[in-house]
Amino acid sequence: MNRRKLRRLVDEVTRDLDLPPDATHRDASRRVCELMGERLGRPVEVRFAAITGATCLSGATALLENGTYLVICADSPSWYHRLHVLLHEFAHALLQHEPVTLTKSEGMRKLAPNLLPRMAQIIAGRTTLTEDEEREAENLADHLLERLTEHHVWVDTEATDTAPHVRRIAESLEGRSRWVRRGDL
């Protein structure tokens, strides 16, 4: 995805999330889950689990036979980390990456909380995502996280002809803040 498309998508998702300036990471996580369901047009169920024995795995998404998306995220004590994992999984959906599908019997296991780490390993083991798709999702998630966690918004990139990096340099040279607080818009 080129930079212009990436900026537009980040702008669009940020507007759709419509988080208040005092939103916490937990609030943002909840809203990401809601928006993911709205965008996919299907129910999204999120489970936080202690994911052990799976290196480099912090989350996974699967489409169950009943049409529900199951998102499993690392049960981190940090809501900032949980938000990043959720944004990564949401990024896969935004980028239209094909999710793993689980059969009815595999889907039933999700109801037993003590099996969730194993469930995460099943999902991760069956994923068909390429390294490029993972990198693309992580890049989008990083940009979304940056935008959401600063509790500020950039001036909408579609509303200005000046490239964001040029605008930031010019504003820093003028001694002005490069950010516009949500309340000041």
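Above this text you will find the structure in question.
This one's a predicted model, so the numbers in the text were calculated from it and none came from an experiment.

Enquirer: Before we move on, can you summarise the side chain of Arg31 with the specific residues and values?
Expert: Residue placement: Arg31 occurs in helix α2 (residues 25-40). On the accessibility criterion, Arg31 (17% relative accessible area) is buried. In terms of polar contacts, Arg31 uses its side chain to reach the side chain of Glu38, at 3.1 Å.

Enquirer: Run through the nonpolar core, naming residues and quoting values.
Expert: One finds Val13, Leu87 and Leu140 to be the most contacted residues of the largest nonpolar core, which totals 28 residues. Listed by contribution, the elements that provide at least two residues to this core are α1 (3-17), α2, β3 (69-74), α3 (79-94) and α6 (131-149). The leading source of residues in this core is α3, at seven residues. Listed in part, the seven residues of the second largest apolar core include Ala49, Leu64, Val100 and Leu102.

Enquirer: I'd like a rundown of the side chain of Thr61, residues and numbers included.
Expert: Its place among the elements puts Thr61 in strand β2 (residues 59-64). By relative accessible area, Thr61 is classed as buried at 13%. Within the structure, the side chain of Thr61 is placed 2.6 Å from the side chain of Glu89, a separation counted as a polar contact.

Enquirer: I'd like to hear about the pattern of salt bridges, residue by residue, with values.
Expert: In this structure the tally under the stated criterion is eight salt bridges. One salt bridge in this structure joins Arg39 and Asp16, with 2.8 Å as the shortest N-O distance. Of this pair, Arg39 sits in helix α2 while Asp16 sits in helix α1, placing them 23 residues apart in sequence. Take Arg39: its relative accessible area is 33%, and that puts it in the partly exposed class. A relative accessible area of 31% means that Asp16 is categorised as partly exposed. With a closest N to O distance of 2.9 Å, Asp132 and Arg135 form a salt bridge. With Asp132 and Arg135 both in helix α6, this residue pair falls three residues apart, about one helical turn.

Enquirer: So what's going on with unusual backbone geometry? Residues and values would help.
Expert: Within the chain, Asp18 stands out as a residue other than glycine whose phi angle is a positive 50 degrees. For Asp18, a relative accessible area of 61% corresponds to the exposed category. Phi is positive for Gln96, which is not a glycine, with a value near 60 degrees. When you line up the elements, Gln96 lands in the loop between α3 and β4 (100-102).

Enquirer: If you had to explain α3 to someone new, which residues and values would you point to?
Expert: Under the 1.5 Å per step criterion, the end-to-end length of α3 is 22 Å for 16 residues, consistent within 8% with the ideal 22 Å. Most of α3 is tucked away: twelve of the 16 residues are buried. Every buried residue of α3 is accounted for by Arg82, Leu83, His84, Val85, Leu86, Leu87, His88, Glu89, Phe90, Ala91, His92 and Leu94. Along its buried surface, α3 packs onto α1, α2, β1 (44-49), β2, β3 and α6.

Enquirer: So what's going on with the packing of aromatic side chains? Which residues, and what values?
Expert: In this description, an aromatic ring pair is defined by two values, namely the gap between the centres and the angle between the planes. If you walk through the whole model with that rule in mind, you get one aromatic pair. The interplanar angle of 75 degrees and the centroid separation of 5.5 Å between the aromatic rings of Phe48 and Trp79 together place this pair among those described as edge-to-face. Taken as a pair, Phe48 in strand β1 and Trp79 in helix α3 lie far apart in primary sequence, 31 residues in all. Accessibility expressed as a relative area gives 26% for Phe48, which makes it partly exposed. Positioned above the aromatic ring of Phe48 is the side chain of Arg82, whose terminal nitrogen or guanidinium carbon lies 4.3 Å from the ring centre.

Enquirer: Run through the pairing of β3, naming residues and quoting values.
Expert: Extensive coverage of β3 is indicated by the burial of six of its six residues. The sheet contact formed by β1 and β3 spans six bridges and is parallel. Within β3, the residue paired with Ala49 across the bridge is Ala74. As paired elements, β2 and β3 share five bridges and run antiparallel to each other. Across the sheet, the residue bridging to Leu63 is Tyr69, located in β3. Taking the residues between adjacent antiparallel strands as the criterion, β2 and β3 are bridged by four residues, where Gly67 takes a positive phi near 90 degrees.

Scoring rules and cut-offs
- Residues numbered from 1 in each chain as written.
- Predicted model: local features only at pLDDT ≥ 70, side-chain atom pairs only at ≥ 80, totals over all residues.
- Heavy atoms only, no water.
- Helix = DSSP H or I, 4+ residues; strand = E, 2+ residues; numbered from the N terminus.
- Buried < 20%, exposed > 50% of the residue type's maximum accessible area, 1.4 Å probe, protein only.
- Polar contact = N/O pair within 3.5 Å; in protein donor to acceptor, adjacent residues only side chain to side chain.
- Core = buried A, V, L, I, M, F, W, Y, C linked by side-chain atoms within 4.5 Å.
- Salt bridge = Lys/Arg side-chain N within 4 Å of Asp/Glu carboxyl O.
- Expected span 1.5 Å × (residues − 1).
- Contact = heavy atoms within 4.5 Å.
- Phe/Tyr/Trp six-rings, centres within 6.5 Å; stacked < 30°, edge-to-face > 60°.
- Lys NZ or Arg CZ within 6 Å of the ring centre and 35° of its normal.
- Pairing = 2+ DSSP bridges.

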